[in-house]
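# Architecture and fold: a report
Listed here are the chains, written in short residue letters.
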Amino acid sequence: MKTGELITAFVVFALAGALLVLAVRQFMEKGVPLNNAWLYAAEKERESMDKGPYYRQSAVVFTILGALFVMLGLSLVLHSSIFLFFEIVLAAAAIVYAIASTVRINRRKSR
């Protein structure tokens, strides 16, 4: 394995680790919800907002993205294109989940 490939793999695995740490923190509801709805909300709206669904949504998305980066890192280290299928599935899952959970959260808020 070349030095450049080793550095790239290390960075990819480090990003995966960081994403998984963020996911765990979001599952534990530590810190602020790393979610657009929370970040763009006005201060008064944040005070009355139920943060639970936003923590959960962010945690699941970060978990999926962490797994995606693990697959990418394995692909780099093992020089195998078999992981490409899993990378595509995980990327699609992150997008679909983010959209579907946003719709579900907004429906619950409107009730």
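Read on for an overview of the structure. (Residues numbered from 1 in each chain as written. Predicted model: local features only at pLDDT ≥ 70, side-chain atom pairs only at ≥ 80, totals over all residues. Heavy atoms only, no water.)

Once that is clear, we can look at the overall build of the chain. When its secondary structure is counted, the chain shows five helices and zero strands. Sequence-ordered secondary structure for the chain, helices as α and strands as β, is α-α-α-α-α. Overall, the chain is about 55 × 25 × 20 Å in size when its C-alpha atoms are taken along their principal axes. Within the chain, contacts between residues separated by at least 24 positions form 62% of all contacts whose residues are at least 6 apart in sequence. (Helix = DSSP H or I, 4+ residues; strand = E, 2+ residues; numbered from the N terminus. Contact = heavy atoms within 4.5 Å.)

Turning our attention to the environment of V61. Examined against the element boundaries, V61 turns out to sit in helix α4 (residues 52-78). Classification of V61 as buried rests on a relative accessible area of 16%. Expressed as a C-alpha distance, the spacing of V61 and L19, which sit 42 residues apart in the sequence, is 9.3 Å. Aside from chain neighbours lying at most four places away, what touches V61 is Y97 and A98. (Buried < 20%, exposed > 50% of the residue type's maximum accessible area, 1.4 Å probe, protein only.)

Quick look at helix α1 (residues 3-27) now. Helical periodicity: at 3.6 residues per turn, an α-helix aligns residues three or four positions apart in one direction. In a regular helix each residue adds 1.5 Å, so 25 residues correspond to 36 Å; α1 covers 36 Å between its end C-alpha atoms and thus fits that length. Among all positions of α1, only A9, V12, A16, L19, A23 and Q26 are buried. Each element contacted by the buried residues of α1 is listed here: α4. (Expected span 1.5 Å × (residues − 1).)

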